[in-house]
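# Remarks on the overall topology
The primary structure of each chain is shown beneath.
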Amino acid sequence: MKFDQEMGSTTRLANFGTVVSVRGSVVDVRFDELLPPIYSVLRAGDKGRIVIEVLAQRDARHVRGIALTPTQGLARGMAVEDTGGPLKAPVGTGILSRMFDVFGKPLDRQAAPTDVEWRTVHQAPPALARRSTKSEIFETGIKVIDVLVPLERGGKTGLFGGAGVGKTVLLTEMIHNMIGHQKGVSIFCGIGERCREGEELYRDMKEAGVLPNMVMVFGQMNEPPGSRFRVGHAALTMAEYFRDDEHRDVLLLIDNIFRYIQAGMEVSGLMGQMPSRLGYQPTMGTELSRLEERIANTDAGAITSIQAVYVPADDLTDPAAVHTFSHLSASIVLSRKRASEGLYPAIDLLQSSSKMATPGIIGERHYLLAQEIRRTLAQYEDLKDVIAMLGLEQLAPEDRNVVARARRLERFLTQPFFATEQFSGIKGELVSLKDSLDGCEQILRDEFKDYPERALYMIGTIDGAKKKLPLDKPATMAGHGVKLAAKEDPKLAADSKSKDESEPQPESNTKPEPEVEHAADAHES
Ligand SMILES: Nc1ncnc2c1ncn2[C@@H]1O[C@H](COP(=O)(O)OP(=O)(O)O)[C@@H](O)[C@H]1O
Ligand SMILES: [Mg+2]
């Protein structure tokens, strides 16, 4: 029973088995006396280094399990000890400011926490009667999210997107903006992503001084599928402890929930189950709900969760993405096209939605504004084809106004992030909901139609445009004739640009602005 202390189980007679087959992560073990129940943890090898979770009882004598550690060195005939309990995670205030792996072993090179209790990671979701809903808004300080996709306190938000469109950056920014104000505890769970990202986040959080109210749990892409499959459960067990025992609100951040589904797919394949649609496991729906349903609010406290969701091949109809959608109260869809235009955060405003965006919750004014913004952007989207074929000149004047407004809105809804300060060189900005709404309202009222679009790009509050403008002009302009050109006909300036390139371009670079073209003409002549 030498491994028992670590696993925290009570003393009982040892139950030993023998390895009969090892195929990758799948291990069959024979027990002659007592067959370990499902989810039992078995240990084998030197100092019980190899950990196996029982997933099936094959017959009266054999169990099949999946290894949560590499199975290197495991051989037929080796002894296996049944620890007599399931996988457990440490809970208690002692885990705060620490970083763990799926077994609750510290990853931060410090001693294991002592004042902790070990709880099974397989918990049932709270009963229906214990659940509660609040419908309260969770402000993020990110303009486009607060205005168009307001998050729910105690809700689940998904950040959908293909590889490299900015899911991790957006998640990190949210952590940065919210953790300081958040009174509760934050738990970050890294599933199947790059190990480096975990280390960087840990260092950033330490520097920002928010670690004392944070716990990190990692099962990154170098870990075997079994470990990636269980690390989410371990993180949730910790979250449930803070909610139920300490009555604190919990912010649970997961990067990336798709990797959990993917790990389940690997486990299922290794266990020999027939794959279902697109190779996914037939049990995907059940597995996902088993995890997602535990993220719930009770009378004791709320778990607000933000989850990055990798979308394979940018295809939102992928079964994994579809299943995840159905669990969320807000879906933020990141688009590669917007990212390529430099419009960060690259949120696809027309595909993203939140169930909080109703007048009863966010208020009449905010609701109407959001509707108006969506309508303007949707009209612009419709007009894009016409503009591409015929040019902006062919549009009716009111349509041109819509285009001008939409493009200014799009730019105003970009935002410099704290998380990208190092490589963008622009200081991050946090904007209150009120300032964001005021800014959008002023743009919709055409108060900024005389400003070049670029004045609204990568600013915080709308006042930033006024500040940015006088600074910008001399830097990009050759002479004063330019200022005049822009003043005389700013609309034309915007239009001629849209005609040249049917798609908006990032405006942060040194590319000459449309009004510059006029200026250049004036100069040469
Ligand atoms: N808000 C942003 N501002 C500037 N650049 C960004 C922003 N979001 C993402 N990027 C760029 O996109 C890259 C990939 O982002 P990342 O969040 O790691 O993608 P994902 O997690 O979706 O794979 C970043 O390294 C950065 O260069
Ligand atoms: Mg990422």
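First, a word on scope: everything that follows refers to the structure included in this document. Here the structure is a predicted model, which is why all the values come from computation and not from measurement.

How each quantity is defined
Starting from 1, residues in each chain are numbered consecutively following that chain's sequence as written. Ligands are numbered from 1 and chains lettered from A, in the order in which they are written. Only residues with pLDDT of 70 or above have their local features reported here, since the model is predicted, and side-chain atom pairs are shown and tallied only from 80 upward, although totals for entire chains, interfaces and linings are computed over all residues. A molecule or strand has a residue near it when that residue's C-beta atom, placed from backbone coordinates, lies within 6 Å of it. In this text, helices come from DSSP runs of H or I with a minimum length of four residues, and strands from runs of E with a minimum of two, each type numbered from the N-terminal end. Polar here means any residue outside two lists: the nonpolar Ala, Val, Leu, Ile, Met, Phe, Trp, Tyr, Cys and Pro, and the charged Asp, Glu, Lys and Arg; Gly therefore counts as polar. Those domain boundaries reflect an automatic or database domain assignment. The burial criterion counts other C-beta atoms lying within 10 Å of a residue's C-beta, which is placed from the backbone; the residue is buried at 20 or more, exposed at 12 or fewer, and partly exposed between these limits. For two strands to count as paired, DSSP must find a minimum of two bridges between them. Axis geometry follows a simple rule: fit a line to the C-alpha atoms, using only the stretch in contact for helices, then measure angles between N-to-C directions, giving values from 0 to 180 degrees. Working definition: the nonpolar core is a set of buried Ala, Val, Leu, Ile, Met, Phe, Trp, Tyr and Cys residues, joined through C-beta atoms within 7 Å. What counts as a contact here is a pair of residues whose C-beta atoms, placed from the backbone, lie within 7 Å. Under this scheme an angle from 65 to 115 degrees is roughly perpendicular, one under 35 degrees roughly parallel, and one over 145 degrees roughly antiparallel; angles in between are oblique. Helix crossings are classified by the rotation of the near helix relative to the far one: an anticlockwise turn of less than a right angle makes the crossing left-handed, while a clockwise turn makes it right-handed.

### Concerning the site of ligand 1
Of all residues adjacent to ligand 1, which total 13 residues, the nearest are Gly166, Lys167, Thr168, Val169 and Tyr344. By residue number, the principal contributor to the shell around ligand 1 is helix H3 (residues 167-179), which donates three residues. When grouped by side-chain class, the residues that make up the shell around ligand 1 number six nonpolar, six polar and one charged. For the shell around ligand 1, the domains that each give at least three residues are domain 2 (89-355) and domain 3 (363-524).

### Quick notes on the pairing of strand E15 (residues 250-255)
Most of E15 is tucked away: six of the six residues are buried. The alternating pattern of E15 places Val250, Leu252 and Ile254 and Leu251, Leu253 and Asp255 on opposite faces, both of which are buried. Examined bridge by bridge, E15 and strand E16 (residues 303-310) share six bridges and lie parallel to one another. Bridge pairing links Val250 to Ile303 in E16.

### Topic: the sheet that holds strand E2 (residues 26-30)
Within the closed barrel, the six strands sit side by side as E1-E2-E5-E4-E3-E6. Their pairing is antiparallel. Sheet twist, expressed as the mean angle between neighbouring strand axes with direction ignored, is 40 degrees. Two elements, strand E3 (residues 41-44) and strand E4 (residues 50-57), share four bridges in a ladder whose sense is antiparallel. When the bridges of E4 are listed, Ala44 appears paired with Ile50.

### Considering the nonpolar core
Core analysis: the largest hydrophobic core is formed by 132 residues, its most contacted members being Ile187, Cys189, Ala235, Met238 and Leu252. With nine residues, helix H5 (residues 225-244) is the single largest residue contributor to this core.

### Remarks on the sheet that holds strand E17 (residues 330-333)
Read across the sheet, eight strands follow the order E8-E14-E13-E15-E16-E12-E17-E18 without closing on themselves; strand pairing throughout is mixed. With partners counted over all chains shown, the strands left at the sheet margins are strand E8 (98-100) and strand E18 (353-354), one partner each. In terms of strand pairing, E17 meets E18 through two bridges, oriented antiparallel. Bridge pairing links Ser331 to Ser353 in E18. Along the sheet face, helix H4 (residues 195-208) touches E8, strand E13 (185-191) and strand E14 (214-219) and points at about 170 degrees away from the line of E14. Along the sheet face, helix H6 (residues 257-270) touches E13, E15 and E16 and points at about 65 degrees away from the line of E16.

### Describing the packing of helix H11 (residues 364-390) against helix H12 (residues 397-412)
Contact geometry of H11 with H12 gives a least axis separation of 9 Å together with a crossing angle of 115 degrees. The angle between the axes of H11 and H12 places the two elements in the roughly perpendicular class. Crossing hand, H11 versus H12: left-handed. Contact with H11, carried on its side by Ile373, Thr376, Leu377, Gln379, Tyr380 and Leu383, involves Asp399, Val402, Val403, Arg405, Ala406 and Leu409 of H12 and no other residues of that element. A per-class count over the contact of H11 with H12 returns eight nonpolar, two polar and two charged.

### Points about unusual backbone geometry
Between Asp255 and the following residue, Asn256, the backbone shows a cis peptide bond with an omega angle of 25 degrees. With respect to the helices and strands, the residue Asn256 is situated in the loop between E15 and H6. The phi dihedral of Ser97 is positive, around 65 degrees, even though this residue is not glycine. Inspection of the secondary structure assignment puts Ser97 in the loop between strand E7 (88-91) and E8. For Ser97, a count of 18 C-beta atoms within 10 Å translates into the label partly exposed. A positive phi angle, close to 65 degrees, is found at Asp446, a residue other than glycine. Note that Asp446 resides in the loop between helix H14 (433-444) and helix H15 (463-476).

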